[in-house]
Amino acid sequence: MHCLLFPGQGVQRRGMGADLFARFPEQTALADEILGYPIEELCVRDPQRRLRDTRYAQPAVFFVNALLGATRLAEDPTRHRYLAGHSLGEYNALHAAGVLDLATALRLVARRAELMAEVTGGGMSAVQGVPEAFVRRALTETGLGRVYVANLNADTQTTIAGDRTEVAVAGKAIAALPGARVVPINVSGPFHTPLMAPAEEAFRAVLAEQTFAPARTPVVSSVTGDVFDVGRAADLLARQLSTPVEWVRAVNTLRAAGVTDFDEVNGQTLSSLVSRIAQR
């Protein structure tokens, strides 16, 4: 059984989707109209280096993911029995499942990015080489109150986020653990932590006005790690901003459902993480 995966922010790169836009002229024109700037120019040439800015990176990644996903699903409409996405990528999974149409999903992603960008003063670091429990223990022992586990990506890969200064202090403490490697991530927001509460509250009001269609294909949520409950879509997508990405749990749920093969659009980031999550 196959699952199609959609990555989130972090996979953006200049030149992505270069061969796609001419093949999807109507969708590209729609994106230009919604966003107010040429999406092809941003993704392919990025002359103003905006892909480093979450306000532009999120719509760009979502749109390229969407075109790649449409291509993959058209090749074999019955191949993928499940869909999943990491954080932002969950919008692609929901679009591919028919829960959101392209225009609605892109508008939501653009607004999500704007609100997330308004929360500044944060930092994130990837922690590799040690289990999540070791990371949590180190955070507790430092006594810092504004650093949190943000992403549970693999058995020995976790992301911490929070106040920029405290993330740096926590990173030094974690780096002292045997086998640990701490890599700062170039973002300005404390994504997936309680410090994103202002953005979550504002985005919750936006989501409350949306209509979500039933899913044609099951989507596994990166918030709960369980099958996405469309009846709770607004709450789940709002919580996504301030709660950890439960990628390990999502992969375990997919495997328990019988998924044995994971296909990915736009790179191999998630496939690499899946390979580092032990069979439960």
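The structure we're discussing is the one just above.
The structure reproduced in this document is the subject of the present report. The model shown is predicted, which means the values in this text are computed figures rather than measured ones.

From N to C terminus, the protein includes 11 helices and 9 strands. Taken over the C-alpha trace, the protein has a radius of gyration of 18 Å; the compact-globule value for 280 residues is 19 Å, and the two agree within 12%. With the principal axes as the frame, the protein shows a C-alpha extent of 55 × 45 × 35 Å. Out of the 280 residues belonging to the protein, those deemed buried represent 52%. Excluding contacts between residues fewer than 6 apart, the proportion of contacts in the protein whose partners are at least 24 apart in sequence is 76%. Of the accessible surface of the protein, which amounts to about 12200 Å², a share of 49% is contributed by carbon and sulfur atoms.

A few words now on the sheet that holds strand 9 (residues 261-264). Hydrogen bonds between backbone groups are what pair the strands of a sheet, and the pairing can be parallel or antiparallel. Spatially, 4 strands are ordered 7-2-1-9 in an open sheet, and the strand pairing comes out parallel. Across the chains shown, the open sheet's two edge strands, defined by having one partner strand only, are strand 7 (219-220) and strand 9. Bridge analysis of strand 1 (residues 2-6) against strand 9 gives 4 bridges, and the strand direction is parallel. Within the sheet, the bridge partner assigned to Leu-4 lies in strand 9 and is Asp-263. In this fold helix 4 (residues 89-96) packs onto strand 1, strand 2 (80-85) and strand 7, with an angle of close to 150° to the strand it touches most, strand 2.

Counting 58 residues, the largest nonpolar core has Ile-39, Phe-62, Leu-83, Tyr-91 and Leu-100 as its most contacted members. Within the residue set of this core, elements represented by two or more residues are strand 1, helix 1 (25-35), helix 2 (39-44), helix 3 (54-75), helix 4, helix 5 (102-117), helix 8 (197-207) and helix 9 (233-239). In this view, Tyr-91 contacts Phe-62, Leu-100, Leu-108, Val-109, Arg-112, Phe-203, Leu-237 and Gln-240; residues no more than four positions away in its chain are not counted. Ranked by size, the runner-up nonpolar core spans 18 residues in total, among them Trp-247, Ala-250, Leu-270 and Val-274.

Right, let's get into the packing of helix 3 against helix 4. A pair of packed helices is captured by two measures, namely the crossing angle of their axes and the spacing between those axes. Their axes nearest at 10 Å, the elements helix 3 and helix 4 cross at an angle of 40°. Crossing of helix 3 over helix 4 shows right-handed handedness. On helix 4, the residues touching Phe-62, Asn-65, Ala-66 and Leu-73 of helix 3 are Tyr-91, Asn-92, His-95 and Ala-96. By residue class, the composition of the contact of helix 3 with helix 4 is 5 nonpolar, 3 polar and no charged.

Definitions and limits used
Residues numbered from 1 in each chain as written. Predicted model: local features only at pLDDT ≥ 70, side-chain atom pairs only at ≥ 80, totals over all residues. Heavy atoms only, no water. Helix = DSSP H or I, 4+ residues; strand = E, 2+ residues; numbered from the N terminus. Rg over C-alpha atoms; globule rule 2.2 N^0.38 Å. Buried < 20%, exposed > 50% of the residue type's maximum accessible area, 1.4 Å probe, protein only. Contact = heavy atoms within 4.5 Å. Areas by Shrake-Rupley, 256 points an atom, 1.4 Å probe, with all protein chains shown as cover. Pairing = 2+ DSSP bridges. Axes fitted to C-alpha atoms, helices over the stretch in contact; angles between N-to-C directions. Core = buried A, V, L, I, M, F, W, Y, C linked by side-chain atoms within 4.5 Å. Left-handed = near helix turned anticlockwise from the far one by under 90°. Nonpolar A, V, L, I, M, F, W, Y, C, P; charged D, E, K, R; others polar.

It is worth stressing that arrangement in space is one thing and function is another; only the former is reported here.
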